[in-house]
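# Structural features, examined
Now for the letters of each chain:
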Amino acid sequence: MTDNPEQQRRPGEWPVKQDDTDHDQLYAQRAQERALWEMVLGSIRHHLNQQPSATAIRATERHWKNAITNVADELINTRRNER
C-alpha cells in the first residue's frame, strides 16, 4: 500500500478510496439502462414471436444479428476515425 495519497493505487491494493458519487443518481442511471435493455430485448422478442414457424424465427434471428453487427461495425469505424 502507498503512503502518499497522491500516488495511484495499484490494482488489487487496499484500501479502496471511496468517492463522493451520489448513489441515488447511480441507481437511477442503472435503472434507466436496464429499462432500455428490457425495451429493446422485448421488441426483438415480440418480433421473433410474430414469426409463423421455427424456420422463420431462425431466419429473423439471423437478420437481427446481422443488423446489430452492422450497426456496431459502423459505430466502431466512426469512433476510430474520430481519433
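Just so we're clear, the structure is a prediction, and the values are computed from it rather than from any experiment.

What counts and what doesn't
- Residues numbered from 1 in each chain as written.
- Predicted model: local features only at pLDDT ≥ 70, side-chain atom pairs only at ≥ 80, totals over all residues.
- Heavy atoms only, no water.
- Axes fitted to C-alpha atoms, helices over the stretch in contact; angles between N-to-C directions.
- Helix = DSSP H or I, 4+ residues; strand = E, 2+ residues; numbered from the N terminus.
- Left-handed = near helix turned anticlockwise from the far one by under 90°.
- Contact = heavy atoms within 4.5 Å.
- Nonpolar A, V, L, I, M, F, W, Y, C, P; charged D, E, K, R; others polar.

Before going further, it helps to spend a moment on the packing of helix 1 (residues 23-49) against helix 2 (residues 54-82). Running from N to C, helix 1 and helix 2 cross one another at 145°; their axes reach a closest spacing of 9 Å. Seen from above, helix 1 lies across helix 2 with right-handed handedness. Here Ile44, His47 and Leu48 of helix 1 lie close against helix 2, whose contacting residues are Ile57, Thr60, Glu61 and Trp64. Here the residues of the contact of helix 1 with helix 2 sort into 4 nonpolar, 2 polar and 1 charged.

Relative to the helices and strands, Thr60 resides in helix 2. For Thr60, the contacting residues outside a window of four places in its chain are His47, Leu48 and Gln51.

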